[in-house]
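The primary structure of each chain is shown beneath.
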Amino acid sequence: MPTHRPAVRHFLTGPVLTPADLTMVFLMREDDDTADRPMPTFTLADIPPTTSALTDAGVKAVKVFAGSRLRDARASQAASPTGLMARTIRAIKKTRPDTAVMTETCVCSHNDSGECWLADSAGRMDMDATTEVLAAQAVTQADAGADIVGPAAMIPGSIRAVRAALNAAGHQDVAIMPHLIYDSALYEGYRATMGATPRSGRRVFQLDPSRPEQAVNAAADMVSEGADMILTEPALHTVDTLVALKAKLTVPVLPFSVSGEYLRLTDPRPDGGRDVRGLVEAYTALKRSGADGVITYGALTIARQLRTP
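Since the model is a prediction, treat every value here as computed from it, not as a measurement.

A. View of the overall build of the protein chain. A tally of helices and strands in the protein chain yields eleven helices and eleven strands. Here the C-alpha radius of gyration of the protein chain, 19 Å, is about what a compact globule of 309 residues would show, namely 19 Å. On the principal axes, the C-alpha backbone points of the protein chain span a range of 70 × 45 × 40 Å. Partitioning the intrachain contacts of the protein chain with sequence separation of at least 6 by distance along the chain shows that 75% fall at a separation of at least 24.

Written out as structure tokens, the structure reads:
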């Protein structure tokens, strides 16, 4: 069938990427932090205008990553109600209450090792202590107004603990979207930006990318523990897993297009922005593969481009 005529191509166009498919990533820094970083970051002063701009462009959700300036071996500031995460959530909700706020729930940006787990006195993984902090962190985020919390450590049992803590605190209506993470070199931009490079050099709970069946089983375990949806990352390295999960699970699946994908699939523009056409093509592929949305650093730029005639 010939499809080279513009009218025919337009007539046969399938589902297209829209601003509503996108979730914007906020990597947060304190207002007086002027350090140069590989990834774009935001201060609290940036939140009201940026959140309003996202809403005006048709983006309905944001995902917030925020660490602690004071870090120690117990991640003692991770669940602080006055921490940068809580302040950011409140600022978003004050600006646009209808914006869906997702969070990262992890200790890697709050402890002094950069690991996703806390250590006991002998330096071994203390899973009980880590899970306790993750649960407290989720409650603080929900108290501040988060709609969806995101356990990212992939520690068995942590989602069940987060669900129990949220319910006990009266947050039965707050959803949980854990991260399903393949080990990858594409996280380095994020780790450098957030000071979350693990001292050990690796994330021990992240999945072997050559074993997709492990990812499917891990996602099923997450749902059995109480996950309401699943985040997969890196987005483009998990397309086959996305398809498999959509066939096996009944919960939404959202790929997270990570820092390495953003840096490699965009080009600098003369005005200081980035050309996101490569991301639009990639996210269209994710949507046709069944993604329920895409979490991306380029959401605002992409949304504006999609809405431009």
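B. Inspection of the side chain of Thr-266 at higher detail. Within the secondary structure, Thr-266 is located in the loop between helix H9 (259-264) and strand E9 (267-268). Engagement of the side chain of Thr-266 in a polar contact is seen with the backbone oxygen of Tyr-262, the distance being 2.6 Å. One polar contact links Thr-266 to Arg-274, side chain to side chain, over a distance of 2.6 Å. Those residues in contact with Thr-266 that sit more than four places away from it in its chain are Arg-274, Asp-275, Val-276 and Leu-279.

C. Looking closely at the pattern of salt bridges. One pass over the structure, following the stated rule, counts 14 salt bridges. Taking the shortest distance from any N to any O, the salt bridge between Arg-96 and Asp-56 comes out at 3.4 Å. On the criterion of sequence distance, the pair formed by Arg-96 in the loop between helix H3 (84-95) and strand E3 (100-103) and Asp-56 in helix H2 (residues 47-57) is long-range, its members being 40 residues apart. Across the pair Lys-93 and Asp-147 runs a salt bridge whose closest N-O atoms are separated by 2.7 Å. With Lys-93 in helix H3 and Asp-147 in the loop between helix H4 (127-144) and strand E4 (148-149), the pair connects residues that are 54 residues apart, well separated along the chain.

D. Representation of helix H5 (residues 158-168) in the model. Among the residues of H5, those classed as buried are Ser-158, Ile-159, Val-162, Arg-163, Ala-165 and Leu-166. Along the axis of H5, the buried residues cluster in a sector spanning 165°; they form a single face. Contacts from the buried residues of H5 go to H4, E4, strand E5 (175-176) and helix H7 (212-225). Downstream of H5 by a residue or two, Gly-170 has a phi angle that is positive, lying close to 85°.

E. Region of the structure containing the state of the cysteines. Tallied over the entire structure, the rule returns zero disulfides. Cys-106 carries a free sulfur, and the closest cysteine sulfur to it, the one in Cys-116, is 3.6 Å from it. The thiol sulfur of Cys-108 is not disulfide-bonded, and the nearest other cysteine sulfur, from Cys-106, lies at 4.0 Å. Overall, Cys-108 belongs to the buried group, its relative accessible area being 2%.

Cut-offs applied
- Residues numbered from 1 in each chain as written.
- Predicted model: local features only at pLDDT ≥ 70, side-chain atom pairs only at ≥ 80, totals over all residues.
- Heavy atoms only, no water.
- Helix = DSSP H or I, 4+ residues; strand = E, 2+ residues; numbered from the N terminus.
- Rg over C-alpha atoms; globule rule 2.2 N^0.38 Å.
- Contact = heavy atoms within 4.5 Å.
- Polar contact = N/O pair within 3.5 Å; in protein donor to acceptor, adjacent residues only side chain to side chain.
- Salt bridge = Lys/Arg side-chain N within 4 Å of Asp/Glu carboxyl O.
- Buried < 20%, exposed > 50% of the residue type's maximum accessible area, 1.4 Å probe, protein only.
- Arc of directions from axis to C-beta.
- Disulfide = S-S within 2.5 Å.

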